[in-house]
Amino acid sequence: MPKKIYYESSRTLMEFRLLPGLTTPETILFNISLETPLVYSADQSHKYQLRIPIAAAAMQSVSGAEMAIELAKLGGNAFIFCSQTATEQAAMVRKVKKHKAGFVKPETVAPEMKISELNNLRIQRGYNTFPVVDADHHLLGIITKNDYDVKPHGDLPVSARMLPVASLIVGGNISDIKEANNLLRETHQSVLPIVDPQQRLKYLVFRKDIRNHLDNPLEVVDEHKRLLATAAINTHDYETRVPALAEAGVDVLAIDSSDGHSTFQAEALLWIKANFPQLPVIAGNIITGDGFDYLVEHGAAAVKVGMGGGSICITQEQKGTGRGLATSIIKVAEARDRYFQKTGRYIPLVADGGIVNSKDVVIALALGADYAMMGRYFARMEESPTEKVTINNKVMKPYWGEGSARARDWKKVRYQQAMFAEGVEGFVQYAGKLRDNLPETLAKIRASMSSVGAANIAELHEKAELEVVSALSIREGNVHDIYMPGTEGDYNSINWGN
Ligand code: IMP
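Residues numbered from 1 in each chain as written. Predicted model: local features only at pLDDT ≥ 70, side-chain atom pairs only at ≥ 80, totals over all residues. Heavy atoms only, no water.

Trainee: Talk me through the overall build of the chain; I want residue IDs and the actual numbers.
Mentor: The helix and strand inventory of the chain stands at 19 helices and 22 strands. Taking 23 Å as the expected radius of gyration for a compact globule of 498 residues, we find that the chain reaches 26 Å, a close match to that expectation. Counting only C-alpha atoms and orienting by the principal axes, one finds that the chain spans roughly 80 × 70 × 50 Å. Counting all 498 residues of the chain, 50% fall into the buried class. In the chain, the proportion of contacts linking residues at least 24 apart, taken out of those at least 6 apart, comes to 64%. Just so you have it, the chain exposes about 24400 Å², and 51% of that area is on carbon and sulfur atoms. Separation between the mean location of the 55 positive side-chain charges and that of the 58 negative ones in the chain comes to 2 Å. (Helix = DSSP H or I, 4+ residues; strand = E, 2+ residues; numbered from the N terminus. Rg over C-alpha atoms; globule rule 2.2 N^0.38 Å. Buried < 20%, exposed > 50% of the residue type's maximum accessible area, 1.4 Å probe, protein only. Contact = heavy atoms within 4.5 Å. Areas by Shrake-Rupley, 256 points an atom, 1.4 Å probe, with all protein chains shown as cover. Lys, Arg positive; Asp, Glu negative; His and termini not counted. Charge placed at Lys NZ, Arg CZ, Asp CG, Glu CD.)

As structure tokens, then:
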């Protein structure tokens, strides 16, 4: 006999509908907040709050640096994939952290450094502007690549070519980007150094970044106003990968596995806690309350929920393991809520795999998830790291699973069963820029929450009433009993006069 048999079928997100609650002025579209925690944080640090409940999956065909930068600017988060070398992945993390979002904690140089050394550093780091500081971090000046020529100046010290602090306009006690903007506007400088009352350098604000920042009010940034960078890891090489990612400035890690209820994840969680206690780790994927309890007991700061539902996933077919995403979320959310009652620690749940559209996102949230992770949705965007192709006159982008033969080729780590694939490869229709697609998705999520009468995601969890729908009901909910011309030819044949 098996340990247990559940005779009630597991449910998918498609099988649920939300019932409307009371909509009030507080819950009209523009008043709805989509903020949500990325990971548990004891002091509820703002850094770990997403502004929108959407994350891009850690996949080769989805989340490179470009997606991570654009999605963080728009309030969400993309997990940089780990099916590449640690060095390559760390370079992507570094690119995200280097992408400037207002206040920058810059790398400084000493006044005695030789210009030739500075030039090497500039090439190595890719920065053009370096503040010059003394041993106590007092600002002495600024040097940019326009201030020297290596041939004549190579042997001179930086102090000989820098623009000294006396000739610069410097900001003190400024923490608001708009204030920095006002001051910068009055100068001819391209960069504004911000110092503390003792004239020690705190930040640089670059003119070119300000416009960018003001255009992205939702951007998710760290305490130094750099975009948040998150990265996937595996349970095989974390002892070398995590140090490389930490060195690159990663903010949050996520263990990437199709089955996270394992001692390997517990070991990885404990190792990271011992060696990099400042880094929260998201663990998973799991689909049971037991899986949740196990991972959280070992220190998971959030948990990914879902197995077998991904659009490219053949785990259920290959291994016979899995569960409908709705039931997975319900079961794990029960365990999460119990854990919260007991400890006061709220562990965010990430609904992952098979989330197709805004309707699925909102149902997943209503069932208890805190944000949704999607692969296919993002693979269609300009910012995914793939090239467009044309198939039958349709513009498409390739999309493949991390367990597909194509992804596993880099090194057979994610899915150890190198004997068979757990994912497939295919194409998805190109959708354009993320910035042009996301607003509609978010507007629909807000509209659903407005109907429920929920002003934020915590209220959605409390107030949502959901109902299982029958197959006939789903049919009724689709367009029916009208004729819709399907082709241009059909339209051209319409005789509007009769
Ligand atoms: P999608 O949003 O439905 O395309 O699903 C994306 C999710 O599928 C990812 O976040 C992973 O959890 C999961 N996934 C990625 N690659 C594979 C695979 O090759 N096999 C099974 N699941 C996968």
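Trainee: Let's hear about the site of the ligand: which residues, and what values?
Mentor: What surrounds the ligand is a group of 23 residues, the closest being Ser311, Asp352, Tyr399, Gly403 and Glu422. Tyr399 is positioned with one of its side-chain polar atoms (N or O) 2.5 Å from an oxygen atom of the ligand. When the ligand sits alone it has 500 Å² of accessible area, and the protein chains cover 95% of it. Across the shell around the ligand, the residue classes break down as eight nonpolar, 11 polar and four charged. (Near = heavy atom within 4 Å. Polar contact = N/O pair within 3.5 Å; in protein donor to acceptor, adjacent residues only side chain to side chain. Nonpolar A, V, L, I, M, F, W, Y, C, P; charged D, E, K, R; others polar.)

Trainee: Talk me through the pairing of strand S14 (residues 252-255); I want residue IDs and the actual numbers.
Mentor: Going residue by residue along S14, you find Val252 and Ala254 tucked away on one face and Leu253 and Ile255 tucked away on the opposite face as well. Bridge analysis of strand S13 (residues 230-233) against S14 gives four bridges, and the strand direction is parallel. Each residue of the ladder has a partner; that of Thr230, found in S14, is Val252. Since S13 and S14 lie parallel, the crossover through helix H8 (residues 238-248) that links them has a hand, and here it is right-handed. Here two bridges tie S14 to strand S15 (residues 281-286), and the two strands are oriented parallel to one another. By the bridge assignment, Ala254 is partnered in S15 with Ile282. Regarding topology, helix H9 (residues 263-275) serves as the crossover connection from S14 to the parallel S15, and that connection is right-handed. (Pairing = 2+ DSSP bridges. Right-handed = clockwise from strand over helix to strand, strands pointing away.)

Trainee: Give a detailed account of the domain arrangement of the chain, specifying residues and quantitative values.
Mentor: For the chain, the domain assignment lists domain 1 (13-100 + 219-476) and domain 2 (115-207). Computed from C-alpha atoms alone, the centre-to-centre distance between domain 1 and domain 2 is 39 Å. Contacts between the two partners involve five residues from domain 1 and, on the opposite side, six residues from domain 2. Together, the buried faces of domain 1 and domain 2 total about 370 Å²; carbon and sulfur atoms form 60% of this surface. (Domains from an automatic or database assignment. Buried area = accessible area lost by both parts, 1.4 Å probe.)

Trainee: Report on the sheet that holds S14, specifying residues and quantitative values.
Mentor: Strand order around the closed barrel formed by eight strands is S4-S5-S13-S14-S15-S16-S17-S18, with parallel pairing between neighbours. Within the sheet, the average angular offset between the axes of one strand and its neighbour, ignoring direction, is 30°. Taken together, the three bridges between strand S16 (residues 302-305) and strand S17 (residues 349-352) define a ladder with parallel strand orientation. Of the residues in S17, the one forming a bridge with Val303 is Leu349. (Axes fitted to C-alpha atoms, helices over the stretch in contact; angles between N-to-C directions.)

Trainee: Hey, could you go over the nonpolar core for me, with residue numbers and the actual values?
Mentor: Core analysis: the biggest nonpolar cluster contains 107 residues, and Phe292 and Phe378 have the highest contact counts within it. For Phe292, the contacting residues outside a window of four places in its chain are Ile286, Val303, Val332, Ala335, Arg336, Tyr339, Ile347 and Leu349. (Core = buried A, V, L, I, M, F, W, Y, C linked by side-chain atoms within 4.5 Å.)

Trainee: Give a detailed account of the sheet that holds strand S7 (residues 129-133), specifying residues and quantitative values.
Mentor: Across a sheet, paired strands are connected by hydrogen bonds in the backbone, their directions being either parallel or antiparallel. An order of S7-S8-S9 is seen for the three strands of this open sheet, with the pairing classed as antiparallel. At either end of the open sheet lies a strand with only one pairing partner, and these are S7 and strand S9 (163-164). Bridging between S7 and strand S8 (residues 139-144) involves five bridges; their strand directions are antiparallel. When the sheet's bridge partners are listed, Pro131 is paired in S8 with Ile142.

Trainee: Would you mind going over helix H2 (residues 86-98) in detail, with residue names and values included?
Mentor: Taking 1.5 Å per residue as the helical rise, H2 with its 13 residues ought to reach 18 Å, and the 18 Å between its terminal C-alpha atoms agrees with that figure. All buried positions along H2 are accounted for by Ala86, Gln89, Ala90, Met92, Val93, Val96 and Lys97. Buried residues of H2 fall within an arc of 155° about the axis and therefore sit on the same side. Summarising the geometry of H2, the exposed residues directed more than 90 degrees from the buried face are Thr87 and Lys95. If you follow the buried residues of H2, they end up packed against helix H1 (65-73), strand S5 (77-80), S13 and H8. (Expected span 1.5 Å × (residues − 1). Arc of directions from axis to C-beta.)

Trainee: Explain the packing of H1 against helix H16 (residues 434-452) to me, and be specific about the residues and the numbers.
Mentor: Interaxial distance between H1 and H16 falls to 11 Å at its minimum, and their mutual angle equals 45°. Taken together, H1 and H16 sit at an angle that is classed as oblique. For the element pair H1 and H16, the recorded crossing hand is right-handed. Note on element contacts: H16 touches H1 through Leu434, Arg435 and Leu438, opposite Met67, Glu70, Leu71 and Lys73. Across the contact of H1 with H16, the residue classes break down as four nonpolar, no polar and three charged. (Parallel < 35°, antiparallel > 145°, perpendicular 65-115°, else oblique. Left-handed = near helix turned anticlockwise from the far one by under 90°.)

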